[in-house]
2 protein chains.
Amino acid sequence: MTLTVLLADDHAMLRSGMRAIFETQPDLRCVAEVADGRAAVAEVARLRPDVAVLDIRMPKLDGLDATEMILADPANRTKVLLLTTYDSDEYVYRALNAGASGFLLKSLPPEELISAVRVAARGDALIDPSVTQRLIARFAVSLAPPPTPPEFELLTAREREVLQLVAAAYSNAEIAAQLHVGDETVKTHVSRVLAKLGLRDRVHAVAYAHVNGLVPPRSAR
Amino acid sequence: MTLTVLLADDHAMLRSGMRAIFETQPDLRCVAEVADGRAAVAEVARLRPDVAVLDIRMPKLDGLDATEMILADPANRTKVLLLTTYDSDEYVYRALNAGASGFLLKSLPPEELISAVRVAARGDALIDPSVTQRLIARFAVSLAPPPTPPEFELLTAREREVLQLVAAAYSNAEIAAQLHVGDETVKTHVSRVLAKLGLRDRVHAVAYAHVNGLVPPRSAR
DNA sequence: AATCGCGTCCCCCGCGCGGGGGACTTCCGA
DNA sequence: TCGGAAGTCCCCCGCGCGGGGGACGCGATT
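Just so you know, these numbers come straight off a predicted model, no measurement behind them.

Caption draft 1: The protein's contact with DNA strand D, seen in detail. In the vicinity of DNA strand D lie 20 residues, with A:Thr156, A:Val181, A:Gly182, B:Ser171 and B:Arg202 positioned nearest. Taken together, the elements giving at least two residues each to the surface near DNA strand D come down to helix H7 (157-167) and helix H9 (183-197) of chain A together with helix H8 (172-179) and helix H9 (183-197) of chain B. It is H9(B) that provides the largest number of residues to the surface near DNA strand D, a total of six residues. Split by residue class, the surface near DNA strand D holds six nonpolar, eight polar and six charged.

Caption draft 2: Region of interest: the confidence of the model for chain A. For chain A, mean pLDDT is 88; residues scoring 70 or higher make up 94% of the total. Mean pLDDT values for the elements of chain A range from 75 in helix H6 (residues 129-143) of chain A up to 95 in strand E3 (residues 51-55) of chain A.

Caption draft 3: Main features of the packing of helix H2 (residues 37-47) of chain B against helix H3 (residues 63-72) of chain B. All names here are of chain B. Packing of H2 against H3 brings their axes to within 9 Å, and their N-to-C directions diverge by 25 degrees. Judged on the interaxial angle alone, H3 and H2 are roughly parallel. The handedness of the crossing between H2 and H3 is right-handed. For the pair H2 and H3, the contacting residues are Gly37, Ala40, Val41 and Val44 in the first and Gly63, Asp65, Ala66, Met69 and Ile70 in the second. Taken together, the residues of the contact of H2 with H3 break down into six nonpolar, two polar and one charged.

Caption draft 4: Examining the sheet that holds strand E3 (residues 51-55) of chain B more closely. All names here are of chain B. One open sheet accounts for six strands, arranged E2-E1-E3-E4-E5-E6; its pairing is parallel. Two strands in the sheet have a free side with no partner beyond their single neighbour: strand E2 (28-34) and strand E6 (126-127). Bridge count between strand E1 (residues 3-8) and E3: four bridges; the pairing is parallel. Looking across to E3, one finds that Ala8 is bridged to Leu54. The strands touched by helix H5 (residues 110-121) within the sheet are E1, E2, E3, strand E4 (79-84), strand E5 (102-105) and E6, with E4 carrying the most contacts at an inclination of about 150 degrees.

Caption draft 5: The arrangement of the environment of A:Asn172 in detail. Residues and elements named next belong to chain A. For Asn172, the location among the structural elements is in helix H8 (residues 172-179). The class of Asn172 is partly exposed, set by 18 C-beta atoms lying within 10 Å. Linking Asn172 and Val186, residues 14 residues apart in sequence, is a C-alpha distance of 6.0 Å. Here Asn172 is in contact with Asp183, Val186, Lys187 and Val190, once residues within four sequence places are set aside.

Caption draft 6: Local environment of the pairing of strand E1 (residues 3-8) of chain A. All names here are of chain A. Within E1, five of the six residues are buried, leaving the element largely enclosed by the surrounding structure. Looking at chain direction, E1 and strand E2 (residues 28-34) are connected through six bridges and run parallel. What sits directly across from Leu7, in E2, is Glu33. Considered for its hand, the β-α-β crossover made up of E1, helix H1 (residues 12-23) and E2 is right-handed.

Caption draft 7: Layout of unusual backbone geometry. Residue A:His180 is not a glycine yet carries a positive backbone phi of 60 degrees. Relative to the elements of secondary structure, A:His180 occurs in the loop between H8 and H9.

Caption draft 8: A look at the nonpolar core. Core analysis: the biggest nonpolar cluster contains 86 residues, and A:Val53 and B:Val53 have the highest contact counts within it. Setting aside its immediate chain neighbours within four residues, A:Val53 contacts A:Val5, A:Leu6, A:Leu7, A:Ala8, A:Met18, A:Leu81 and A:Leu83. Among the nonpolar cores identified, the runner-up in size contains 38 residues, and A:Val162, A:Leu163, A:Ala167 and A:Val203 belong to it.

Caption draft 9: Region of interest: the sheet that holds E2(A). Residues and elements named next belong to chain A. What the six strands build is an open sheet, ordered E2-E1-E3-E4-E5-E6; its pairing is parallel. The sheet is open, and its two edges are formed by E2 and strand E6 (126-127), each paired on a single side. Here strand E5 (residues 102-105) pairs with E6 via two bridges, running parallel. Looking at E6, one finds that Phe103 is bridged to Ile127.

Caption draft 10: Looking closely at the protein's contact with DNA strand C. In the vicinity of DNA strand C there are 19 residues, among which A:Ser171, A:Arg202, B:Thr156, B:Arg158 and B:Val181 approach most closely. Contributing elements (two or more residues each) for the surface near DNA strand C: H8 and H9 of chain A together with helix H7 (157-167) and H9 of chain B. When its residues are assigned to classes, the surface near DNA strand C shows five nonpolar, eight polar and six charged.

Caption draft 11: Geometry of helix H4 (residues 89-98) of chain B. Turning to H4(B), its buried residues number three or more, namely B:Val92, B:Arg94, B:Ala95, B:Leu96 and B:Ala98. Just past H4(B), the residue B:Gly99 takes up positive phi, approximately 100 degrees.

Caption draft 12: Summary view of the pairing of E3(A). All names here are of chain A. Taken across its five residues, E3 has five buried, putting it largely inside the fold. Burial along E3 is two-sided: the face carrying Val51, Val53 and Asp55 and the face carrying Ala52 and Leu54 are both buried. With five bridges joining them, E3 and strand E4 (residues 79-84) adopt parallel strand pairing. Paired with Val53 across the bridge in E4 is Leu81. At this point the chain moves from E3, through helix H3 (residues 63-72), to the parallel E4, and the crossover so formed is right-handed.

Quick notes on the rules
- Residues numbered from 1 in each chain as written.
- Chains lettered and ligands numbered in written order.
- Predicted model: local features only at pLDDT ≥ 70, side-chain atom pairs only at ≥ 80, totals over all residues.
- Near = placed C-beta within 6 Å.
- Helix = DSSP H or I, 4+ residues; strand = E, 2+ residues; numbered from the N terminus.
- Nonpolar A, V, L, I, M, F, W, Y, C, P; charged D, E, K, R; others polar.
- pLDDT = per-residue confidence, 0-100.
- Axes fitted to C-alpha atoms, helices over the stretch in contact; angles between N-to-C directions.
- Parallel < 35°, antiparallel > 145°, perpendicular 65-115°, else oblique.
- Left-handed = near helix turned anticlockwise from the far one by under 90°.
- Contact = placed C-beta atoms within 7 Å.
- Pairing = 2+ DSSP bridges.
- Buried ≥ 20, exposed ≤ 12 C-beta atoms within 10 Å, placed from the backbone.
- Right-handed = clockwise from strand over helix to strand, strands pointing away.
- Core = buried A, V, L, I, M, F, W, Y, C linked by C-beta atoms within 7 Å.

Right, here's the structure in full:
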């Protein structure tokens, strides 16, 4: 089965270069070439190619906006590969959030572009290695346990427990009920927590707990 | 300059297969073959190859634990490529958190393994396309701006501004000073914010703001 | 011209909160 | 055996906070 491809780049030279690359493959067919993002969105909607290769920098509508528009269409089944000269992190995040199937640098060897199209067509995704490196770093920190500040170690088990509940915005009375102790006891714990952590009041405690990752960030709930 | 590679896999057959692949490249030299994770860690520390190719399933110490041990050593400069037969998500996350430079499936074409080694050696990273797809999905949600709750739309510009400051644990007086308005004004804004968002007090407002991502999560600061 | 939303400022009242004390048990280590 | 740390409970006091009102000016919409 042959794969249909749409090319979008504002440089005619680059388009014909890519077209030439695809023409070496009997199963790849370049069905359209456009020079700006708006045309890309329109042609993708009309021709429904298997894969659209979009430059990020394009007139009228850039590749990222075009990607978002294309993938926002529920009837769409075209996969999007994004090409760029510079690999700004911002681009990458937007591209991935939009749901692009690939993020590649123009320095990519021709044969890899071909394989990238095949990868995208079968529903997989790939990212340029130089970008992947930083992506992993970012991904890792987003998953890494945040460094626990030293003063947190001063807290006793009970105090940490209370801090958790304070961070969840419970009042002293509510915490007392949950822990089956008197509310005066809770007050004592809270006071000690504030003193040990150098916080002014429970409002600061809530912010502290969230900033320091003591509260599971919604994605984990 | 020639790149040195260490191979770790408990199947001798697969090792010799990979070794044969590397031997087709004049600039790649396979300096060690080991059959378990413990040996891999030891040999990496001794030989300091440029790249270590580790199977995930290995006796004694699996590839993930081995990766963590190798990369935890500050004197280490060896890059780690992980190979696996099955691409369980859990594996991927652990691998990336440990700092692996690659996560590949054994179904990889030989020439891509070679290029993967070169990519890893120069400090970049790559992930198997079939895995990348799911990684993007996961990564996207972790980066996606949390869906702004509908009631948040009810807030006026000024009220959102005040909410930001409340979330940063400022008192009404401090907010008043920062906004150059009277503190009674701030009280009014805060009251309206609480009413519109259905929150009991500023403590809940702080939690609300953090949970809903209205406060940039430390990594962005 | 009338109205509405917004931002600003003011009053009073009740209450939860946090600081300052003190006191009692249990348990563990010096 | 005697601390000391941890956890529990109690009192008083001051204050920031939030709800209930009301008021005024401004701009945009009707």
